[in-house]
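Architecture and fold: a report
The primary structure of each chain is shown beneath.
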Amino acid sequence: MTKIGVVGLNYWGPNLVRNFNDLAELTWLCDLDEKHLNPVARRYPNARATKNFDDLLADDALDAVVIATPVPTHHALAKQALEAGKHVFVEKPPAMRAAEIDELVALAVEQDRVLMPGHLLLYHPGVLKVKELIDSGELGEVLCVYGNRVNLGIVRSNENALWSLGVHDLSVILYLLDEDPELATAQGSASIHPGVQDVVFCFLRFPSGKIAHMHLSWLDPHKMRKMTVVGDQKMVVFDDMEPERKVTVYEKRAGSAGELHSGDIYIPKISTHEPLRLECTYFLELIDGQHDKSKVARDGARVVRALEMLTNSLDA
Ligand SMILES: NC(=O)c1ccc[n+]([C@@H]2O[C@H](COP(=O)([O-])OP(=O)(O)OC[C@H]3O[C@@H](n4cnc5c(N)ncnc54)[C@H](O)[C@@H]3O)[C@@H](O)[C@H]2O)c1
């Protein structure tokens, strides 16, 4: 069984701990803060608990490190873990700047280790279904994609809506289109904490001519977790707020005067497996030599590059 250590045990880390404890051998738990370390350590007494990340790196028997610490720490912790010969799962986004992620990707290749960013939605059966519909040609030529991730939610003072909410949608858009944007611009407004945008609108254009848009906000009357893909034949909506009808496909027909009418609407069946469980399983399979480990690392780098373009535009 693959031996796993998890670092960062406050809000999100315990979800990763639960899954890796079921799927692998959880051997280390690490958090700088005893307040977050101790309750998790009590729940998983078979794992060793430490406040010092170096303890994990010094354990030759440890195969992989799972990083769920704040974003600014990701690059340094992932770098140390790869240098120590560990496989790395690092929460999203895996780094803050393109140069940092490029360094991590190169290091993972050099060390022949897995570097998997935690882009959870890429393991969501609904997103996989949308990808299948695009790749099979069922939608025809994809023209545009747009995401809405808005609601009245947690107001962060250290991270804007692009970084907090947008990374999810950005990872999905880039995965669906499989292209790097040639243009990525963002505009936003900061009304609660100065300099921290609560509402962000992003526009991306790709070399193929496809365009994409993201509306991100924690200051909105709607609660939406939605991604829409418009093809020249059919359109599809992935709606994560829907308990059952996560994916809906819309056909269209042309009227006699060239106008467009709605056609049949259908709901493909998708699996109800927990995306986080699927994501953790994928990491373990990558360690076992299944799948293409260089692809997940490259996908992560693509997200950080686009995020950097959007951030530069937002700050300009
Ligand atoms: N995939 C998802 O849907 C999802 C959801 C929420 C959060 N996240 C990601 O998970 C990560 C953690 O988010 P969170 O909300 O749990 O953060 P948090 O700030 O609540 O917790 C981070 C923990 O890391 C610890 N920590 C910080 N630096 C450390 C170090 N050097 N060594 C050991 N421990 C250290 C802190 O003490 C804290 O307990 C972020 O990257 C976030 O983007 C992902």
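1. Details of the sheet that holds strand 11 (residues 224-231)
Within the open sheet, the eight strands sit side by side as 8-9-10-7-11-12-13-14. Their pairing is mixed. Edge strands, defined here as strands with exactly one partner in the open sheet, are strand 8 (183-189) and strand 14 (260-266). Averaged over all pairs of adjacent strands, the angle between strand axes in this sheet comes to 15 degrees, irrespective of strand direction. Docked against the sheet, helix 6 (residues 125-135) engages strand 7 (142-150), strand 11, strand 12 (234-239) and strand 13 (247-254), running at close to 170 degrees with respect to strand 12. Across the sheet, helix 7 (residues 161-177) is in contact with strand 7, strand 8, strand 9 (199-205), strand 10 (211-217) and strand 11; its angle to strand 7 comes to roughly 155 degrees.

2. Looking at helix 7
Here helix 7 contains 17 residues, and its C-alpha end-to-end distance of 23 Å stays within 8% of the 24 Å for a straight helix at 1.5 Å per residue. Where helix 7 bends most, at Val 167, the angle is about 50 degrees. Burial runs high along helix 7: 16 of the 17 residues are buried.

3. Some words on the environment of His 273
Position of His 273 relative to the elements: it lies in the loop between strand 14 and helix 8 (275-287). Judged by local crowding, His 273 falls into the exposed class, with 12 C-beta atoms found within 10 Å.

4. Observations concerning the pairing of strand 8
Here strand 8 shows one buried face, formed by Ala 184, Ala 186 and Gly 188, and one open face, formed by Leu 183, Thr 185, Gln 187 and Ser 189. Bridge count between strand 8 and strand 9: seven bridges; the pairing is antiparallel. Counted as the bridge partner of Ala 186 is Cys 202 from strand 9.

5. Some remarks on the site of the ligand
The environment of the ligand is formed by 22 residues, the closest being Gly 8, Asn 10, Tyr 11, Trp 12 and Glu 91. For the shell around the ligand, the class distribution of residues is eleven nonpolar, seven polar and four charged.

Cut-offs used in this document
Residues numbered from 1 in each chain as written. Predicted model: local features only at pLDDT ≥ 70, side-chain atom pairs only at ≥ 80, totals over all residues. Pairing = 2+ DSSP bridges. Helix = DSSP H or I, 4+ residues; strand = E, 2+ residues; numbered from the N terminus. Axes fitted to C-alpha atoms, helices over the stretch in contact; angles between N-to-C directions. Contact = placed C-beta atoms within 7 Å. Expected span 1.5 Å × (residues − 1). Bend = angle between axes of the 7 residues up to and from the residue. Buried ≥ 20, exposed ≤ 12 C-beta atoms within 10 Å, placed from the backbone. Near = placed C-beta within 6 Å. Nonpolar A, V, L, I, M, F, W, Y, C, P; charged D, E, K, R; others polar.

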